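Here is how the chains run, residue by residue.
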Amino acid sequence: FTLSLAAVLAMGTFAVAGGDIAPVEPMVEVEAPAPASDSGFYIGGAYSYAKYSADFVGDGYDDGYYWDESGEYDEDYNALMIQAGYQINKYFAIEGRFWTSIGDGDRSVKGSRYYDYDGSYTFNESGSVEDGDFTAYGIYVKPMYPVTDALTLYGLLGYGNVTIGDVDGDWLDDNDFHWGAGASYALTENLSVFADYVHLASGTQEFYEEGDGWYEHYVNDYDVYTVNVGLTYKF
């Protein structure tokens with residue numbers, strides 16, 4: 001009797017509370033979208049500022065007098081750079097680059113010259129490079145470090161060629177070790193903006209010219225580098 005009474009009271013309580021018990025919906029697991037792949041091919045392009053910079057010493061003979069001089073010589077170029085590469089994972093890629101100049105370059109030279117009969121004077125000259133031409137290419141390993149999901153720091157280590165010429169022909173053709181460093185920032189899953197510095201060559205050049213009653217001899221200790229700003233697209 002006691003159990004029956006308890007059951008009747010319990011059923012009455014549910015009825016007063018408002019009726020049916022709502023069915024419980026089963027839980028549905030929502031699968032998160034897969035993250036973008038860290039590997040794949042990519043291409044890109046950039047504006048480049050290219051520079052040949054040299055410290056020089058020279059000597060010569062002309063008009064019956066000897067002279068010697070020293071100073072700094074620079075050539076600057078606007079250039080385009082194209083790149084293509086394969087990203088193996090988020091820490092490593094392999095990349096190829098090619099540069100070509102746009103229009104003539106700018107030349108500047110400054111220093112001092114000493115004549116054995118007249119003492120020394122300084123000079124500072126600048127102008128355009130007639131038919132100036134700058135080209136370079138290289139293949140690189142590219143170690144990378146992702147600072148955030150968007151920002152990546154990277155290095156460039158490789159080997160390639162740089163050639164500089166003018167109306168008189170190519171006066172630098174250097175195969176050398178290349179190195180550089182830069183950063184990229186992802187604007188979208190596929191598109192990134194980047195900026196970097198790449199050192200293309202360094203060494204010593206020697207020039208000698210002579211004619212009837214004159215000669216010129218120069219030795220240049222030079223560096224060649226580029227600064228690049230551009231976009232990459234990853235497939």
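I will try to describe carefully the structure that is included in this document.

### Quick notes on the overall build of the chain
- Across its full length, the chain holds 1 helix and 10 strands.
- Secondary structure elements of the chain, listed N to C terminal, follow the sequence α-β-β-β-β-β-β-β-β-β-β.
- Residues counted as buried form 35% of the 235 residues belonging to the chain.
- For the chain, contacts bridging at least 24 residues in sequence account for 64% of all contacts bridging at least 6.
- Here the chain has roughly 14500 Å² of accessible surface; of this, 58% comes from carbon and sulfur atoms.

### Observations concerning unusual backbone geometry
- The phi dihedral of Asp63 falls on the positive side, at around 55 degrees, and the residue is not glycine.
- Within the secondary structure, Asp63 is located in the loop between β1 (40-62) and β2 (65-89).
- You can call Asp63 exposed: its relative accessible area is 64%.
- Positive phi is not limited to glycine here, since Asp131 has a value of about 55 degrees.
- Within the element layout of this structure, Asp131 appears in the loop between β5 (119-128) and β6 (133-146).

### Overview of a negative patch on the surface
- A surface patch of like charges, here negative, comprises Asp104, Asp106, Glu130, Asp131, Asp168 and Glu209.
- Judged by its relative accessible area of 47%, Asp131 is partly exposed.

### Considering the pairing of strand β9 (residues 191-211)
- Sheet analysis places strand β8 (residues 169-186) next to β9, joined by 8 bridges and oriented antiparallel. Bridge pairing in β9 links Ser184 to Phe194.
- The turn linking β8 back onto β9 is made up of 4 residues.
- The pairing of β9 with strand β10 (residues 214-234) spans 20 bridges and is antiparallel. Pairing of Phe194 across the sheet is with Gly230, part of β10.
- Connecting the antiparallel pair β9 and β10 is a turn made up of 2 residues, with Gly213 showing a positive phi of about 80 degrees.

### Some details on the nonpolar core
- Counting residues in each nonpolar core, the largest one holds 33 residues, and the members touching the most others are Tyr52, Trp99, Phe134, Val162, Ile164, Leu200 and Val224.
- When residues in this core are grouped by element, the largest group, 6 residues, is from β1.
- Setting aside chain neighbours within four positions, we find Val162 in contact with Phe134, Thr135, Ala136, Leu172, Asp173, Asp174, Leu200, Ala201 and Val224.

### Remarks on the side chain of Arg113
- Within the element layout of this structure, Arg113 appears in strand β4 (residues 106-115).
- Engagement of the side chain of Arg113 in a polar contact is seen with the side chain of Tyr115, the distance being 3.0 Å.
- Not counting the four nearest positions on each side in its chain, Arg113 is found in contact with Trp67, Asp68, Glu69, Gly119, Ser120, Tyr121, Phe123 and Tyr218.

### Description of the packing of aromatic side chains
- Evaluated as defined, the whole model comprises 16 aromatic pairs.
- With a centroid separation of 5.7 Å and an interplanar angle of 50 degrees, the aromatic rings of Trp179 and Tyr197 are classed as tilted. Of this pair, Trp179 sits in strand β8 while Tyr197 sits in strand β9; the two residues are 18 residues apart in sequence, bridging distant segments of the chain.
- Look at Trp179 and you get partly exposed, because its relative accessible area is 40%.
- A residue is classified by how much of its surface remains accessible, and Tyr197, at 27% relative accessible area, is partly exposed.
- Relative to Tyr225, the ring of Tyr197 lies with its centre 5.4 Å away and its plane at 35 degrees, an arrangement referred to as tilted. Remark: Tyr225 occurs in strand β10 and Tyr197 occurs in strand β9; sequence separation between them is 28 residues.
- Among the aromatic residues, those joined into a cluster by ring pairs are Tyr65, Tyr115, Tyr117, Tyr121 and Phe123.

### Quick look at the pattern of salt bridges
- Tallied over the entire structure, the rule returns 8 salt bridges.
- In this structure, the salt-bridge partner of Arg97 is Glu95, at a minimum N-O distance of 2.5 Å. By the burial criterion, Arg97 is buried, and Glu95 matches it.
- For Asp166, the salt bridge goes to Arg107, with nearest N and O atoms at 3.5 Å. On the criterion of sequence distance, the pair formed by Asp166 in strand β7 (residues 151-166) and Arg107 in strand β4 is long-range, its members being 59 residues apart.
- By sharing partners, the salt bridges in this structure join Glu95, Arg97, Lys142 and Asp196 into a single network.

Calculation notes
Residues numbered from 1 in each chain as written. Predicted model: local features only at pLDDT ≥ 70, side-chain atom pairs only at ≥ 80, totals over all residues. Heavy atoms only, no water. Helix = DSSP H or I, 4+ residues; strand = E, 2+ residues; numbered from the N terminus. Buried < 20%, exposed > 50% of the residue type's maximum accessible area, 1.4 Å probe, protein only. Contact = heavy atoms within 4.5 Å. Areas by Shrake-Rupley, 256 points an atom, 1.4 Å probe, with all protein chains shown as cover. Patch = residues over 30% accessible without salt bridge, like charges linked within 9 Å, V, L, I, M, F, W, Y side chains within 5 Å. Salt bridge = Lys/Arg side-chain N within 4 Å of Asp/Glu carboxyl O. Lys, Arg positive; Asp, Glu negative; His and termini not counted. Charge placed at Lys NZ, Arg CZ, Asp CG, Glu CD. Pairing = 2+ DSSP bridges. Core = buried A, V, L, I, M, F, W, Y, C linked by side-chain atoms within 4.5 Å. Polar contact = N/O pair within 3.5 Å; in protein donor to acceptor, adjacent residues only side chain to side chain. Phe/Tyr/Trp six-rings, centres within 6.5 Å; stacked < 30°, edge-to-face > 60°.

Bear in mind that shape data such as this cannot, by itself, settle questions of function.
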